[in-house]
Structures are given as C-alpha cells and as structure tokens.
Amino acid sequence: MKKGIYLFLLAALLLTGCTATRPPTSTSETIPDVFQEATKASEETQVSTSVEANNTDDLGSLSIGPADEPLKDEYGTYRIYNGGEMCTPIEIESTGALRKAGTGILLFIDGQPQPYRLEGESTYAYYHCFYPESEDEVYNLFFTPITGQSGDTLEVYILSLQKPDYLPSDGVPGMMIFTKGSIGSGWRLKFEATPPEAVFPEKQIRLFDAEITTMDASYGDTAGWSEEDIRELLGSRSYVNGIPHNRESRVYNITAETPVDLRYELWGTPYIKSSVIFYVDNVPVFTSDGLPFDMTVASGEKRILTAKLDMTGFTGESVLYIVRVPRNYRTSEILTRAFVKGEGTWFLLAGEEPAG
C-alpha cells in the first residue's frame, strides 16, 4: 500500500494525542486527534490505528486505503471514471482483535452514500463488513457512481467502522465499536463519462420534521481554539432524545410507535462544504428528498439540525451513528483539518435503563 500518512495511538481506549508523518518529501505536523487528521499534501489519507485495551489484551492495528496506483495533479491524487461500473481495489491491513472483529466500510461520492458490491455479488449495498483472513488483504469494490456527470471532479471517501455487527445484547464489546476510532481515506474522481442508470438500494425514508437553523457560534463552542483552529477545524455536538454523545451512549425506552428526536450542531471553518448523514443499523436514512443534509457553515456561524426518526419496525435493539463527509477537502481555499469523520454512536434500546 502507498502509505501517505500514518497515525499511531496508545491508550486505554482513549485518544491522547498523535503525530502525523508525511513522506520524506514533505514536512511533519502535529495534529489534535485521529478524527481531525488531515493534510492535503499527503498522497492518500490513510490512517493506521494501534490500541491496547489493557496490559494483556493487544487490540492490534488497522489501516485502510486504495490498493491501486493513483494519478496526480496540483491538488493531489485522483482516479478517472470512464463510464459503466467502476472497480476500486481497497487494501485492509489489520492485526489482532481489530482484524478478528471485522471492519465495516462505508463509501461516499460528493458527500452522498455510495452503494457498492463485492466480487460474486449482483446487487449494491451501502455497507459491507470484511473479515480478513490475513494481515494484508485487497478487496475489489464495484460501483456505478450515484452522482456526477462528464466533466465533474468529485471527492471520494471511505470510512471504517470497528466491530460493526455489535449490539449491547452481545455483552461487553471489549474494544472500540462503530465510529469510535473510525479511520478514513480519500481521493478525487474525474468523470470522463456520465454514469448510466443503475439499480441502487431503495432509500429508507425515515426522517421527518427536519429543520436546519443558524445562530452565532458561542464562546463555549470555540473555547480554547486558536485563530488557526477557527480557520481549519470543525466542531460538533450531537444528541439523541436529548442524550449527548459520550463514548458508548445508550438511549432507553425506545418503542416502534414513538419517533426519536435527533439534534446535530456544527461550527468552525467556513472553507469546507459538509454533508451529514444519519445511519441506522448501518443503513443511511433520509428525508423525503433522499439526500444528505448540507451543513456547510459560514464564518462565526453554528448550524443546528433537528429531525425526528421514524422507529416503525423497531425490534428492541438498534444502532444509530452520524457521519460528516467533506465535499471539497482537496480543493478548498485553504488547508483545513476537517477530514471525513464518524461523529458518534448511540444504541437505541427497548425497556428501562438498568438500575445502578
């Protein structure tokens, strides 16, 4: 794999700071955390994560990224879409418990969830979970772009999910799960043809009463931020039924008859166009327009998204998470640290919260 950037963590399932190292032709920079890692100078943005749960359980390491040789221009790496169905080989390097637990992969084009299939499959899906048999495996992802036309150059991202089949009824996870520790990779796709019609999964229309409002970002939103941070970073908060995201968040008393309240807040750099997508049980959910939310912020502004989630069909246990995807990270006016990010994970559970 062409390693553009590596990041290593050592913690008891906590992020404690990290350093990103570019290839020898570039300089190094220190970055705040794994979710805000970013450098437009890197060939591909691929991240390797190494975590120890305690003194005896080594969770291993994980890195993901394209396995083929990219083309390059003044904005960095890109690939060409020539029409029809495209194949992108993805390399997963993993060891230890991270490999055994499986790695989920989400794909995005221009901020939209992109369905794809694997070899031997005939239909597209938004998500696949990979269980590599060796420490270094390559998988071919086949897809017809869900958006774009001849002459466009759009950004493509993949994002990992850790142990993405986990539910609380399985017991203690013993490691990072879903968006906790997610890592990503991105590049640009130049369209030399317009994609043909294709059969994609039916979109789940489960969000309603959605509203995006704006207000000035407060002092508390950017407390401790430098002027550079305000230009380059994005900050966020998210809530489900009023419960904030805090590591592994659980929301009880969920029923199929009562919608769930969602709230997402975003502020920071005005130079990045941002799409926000909600996922339930590893499938994106939408309003009636079937599109992600545009949460691009202006300077000094905070955008607040509220919506209700239809829980029809709920069987007692579901997982919900949020993904923020940049649309112009490679071509933004200034270098930012607003890379693709898994924003938070909640478990929606029937019944009352256990005592104690």
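Notes on the structure in this doc start here. Just so we're clear, the structure is a prediction, and the values are computed from it rather than from any experiment.

### Topic: the overall build of the chain
Point 1. When its secondary structure is counted, the chain shows two helices and 26 strands.
Point 2. Counting the 356 residues in the chain, one finds 52% classified as buried.
Point 3. When contacts within the chain are restricted to residue pairs at least 6 apart in sequence, long-range pairs at least 24 apart make up 77% of them.
Point 4. As presented, the chain carries roughly 15300 Å² of accessible surface, and 47% of it is formed by carbon and sulfur atoms.

### Let's talk about the pairing of strand β24 (residues 301–309)
A regular strand places its side chains on the two faces of the sheet in alternate fashion.
Point 1. Burial of β24 is extensive: seven of the nine residues sit out of reach of the surface.
Point 2. Alignment of strand β16 (residues 207–216) against β24, held across eight bridges, turns out to be antiparallel. Note on β24: the bridge partner recorded for I212 is L305.
Point 3. As defined by bridge partners, strand β20 (residues 260–268) adjoins β24 across eight bridges and the pair is classed as antiparallel. Across the sheet, residue V260 finds its bridge partner in β24, namely L309.

### Some details on the sheet that holds strand β17 (residues 234–240)
Point 1. With respect to topology, five strands assemble into an open sheet ordered β16-β24-β20-β17-β18, the strand pairing being antiparallel. Each edge of the sheet is formed by a strand with only one pairing partner; in this case those strands are β16 and β18 (243–244).

### Looking at unusual backbone geometry
Point 1. For F178, which is not glycine, the phi dihedral falls at a positive 50°.
Point 2. Locating F178 in the fold gives a position in the loop between β13 (153–162) and β14 (184–191).
Point 3. Of note in the backbone geometry, D209 takes a positive phi value of approximately 55° without being a glycine.

### Some points on the side chain of S160
Point 1. Mapped onto the secondary structure, S160 falls in strand β13.
Point 2. A polar contact is formed between the side chain of S160 and the side chain of Q162, at a distance of 2.8 Å.
Point 3. The contacts of S160, once residues within four sequence positions are left out, are L62, I64, T103, G104, I105, F178, S182 and I183.

### Some points on the packing of aromatic side chains
Point 1. Applying the stated criterion to the full structure yields ten aromatic pairs.
Point 2. Here Y124 and F200 contribute two aromatic rings whose centre-to-centre distance is 5.8 Å and whose plane-to-plane angle is 25°, an arrangement assigned as stacked. Note that Y124 is positioned in the loop between β10 (117–118) and β11 (127–130) and F200 in the loop between β14 and β15 (204–205), a separation of 76 residues in sequence.
Point 3. For Y124, a relative accessible area of 13% gives the class buried.
Point 4. Where F278 meets F293, the ring centres are 6.2 Å apart and the plane angle is 85°; that geometry is what we call edge-to-face. Remark: F293 occurs in strand β23 (residues 293–294) and F278 occurs in strand β21 (residues 274–280); sequence separation between them is 15 residues. Considered together, F278 and F293 belong to a single accessibility category, that of buried residues.
Point 5. Stacked on the ring of W187, the Lys or Arg R79 has its end atom at 5.1 Å from the ring centre.

### Some words on the nonpolar core
Point 1. Counting 47 residues, the largest nonpolar core has F108, F278, L309, L320, V323 and L348 as the members making the most contacts within it.
Point 2. Elements that contribute at least two residues to this core include exactly β8 (103–109), β13, β17, β20, β21, β24, β25 (317–326) and β26 (341–349).
Point 3. The element best represented in this core is β25, accounting for six residues.
Point 4. Not counting residues within four places of it along the chain, the set of residues in contact with V323 comprises L106, F108, L159, S275, V276, I277, Y279, V340 and K341.
Point 5. Among the nonpolar cores identified, the runner-up in size contains 28 residues, and M86, M175, M176 and A193 belong to it.

### Focus on the pattern of salt bridges
Point 1. On inspection of all chains with the given rule, the structure shows 15 salt bridges.
Point 2. Notably, a salt bridge pairs E265 with R263, separated by 2.8 Å at the nearest N-O pair.
Point 3. E343 serves as the salt-bridge partner of R324, at 3.5 Å between the closest nitrogen and oxygen. Taken together, the positions of R324 in strand β25 and E343 in strand β26 put the pair 19 residues apart, joining distant regions of the chain.
Point 4. Looking at E343, the relative accessible area reads 8%, which means it is buried.
Point 5. Put simply, D221, R237, R263, E265 and K302 are held in one network by salt bridges that share partners.

Reading the values: the criteria
- Residues numbered from 1 in each chain as written.
- Predicted model: local features only at pLDDT ≥ 70, side-chain atom pairs only at ≥ 80, totals over all residues.
- Heavy atoms only, no water.
- Helix = DSSP H or I, 4+ residues; strand = E, 2+ residues; numbered from the N terminus.
- Buried < 20%, exposed > 50% of the residue type's maximum accessible area, 1.4 Å probe, protein only.
- Contact = heavy atoms within 4.5 Å.
- Areas by Shrake-Rupley, 256 points an atom, 1.4 Å probe, with all protein chains shown as cover.
- Pairing = 2+ DSSP bridges.
- Polar contact = N/O pair within 3.5 Å; in protein donor to acceptor, adjacent residues only side chain to side chain.
- Phe/Tyr/Trp six-rings, centres within 6.5 Å; stacked < 30°, edge-to-face > 60°.
- Lys NZ or Arg CZ within 6 Å of the ring centre and 35° of its normal.
- Core = buried A, V, L, I, M, F, W, Y, C linked by side-chain atoms within 4.5 Å.
- Salt bridge = Lys/Arg side-chain N within 4 Å of Asp/Glu carboxyl O.

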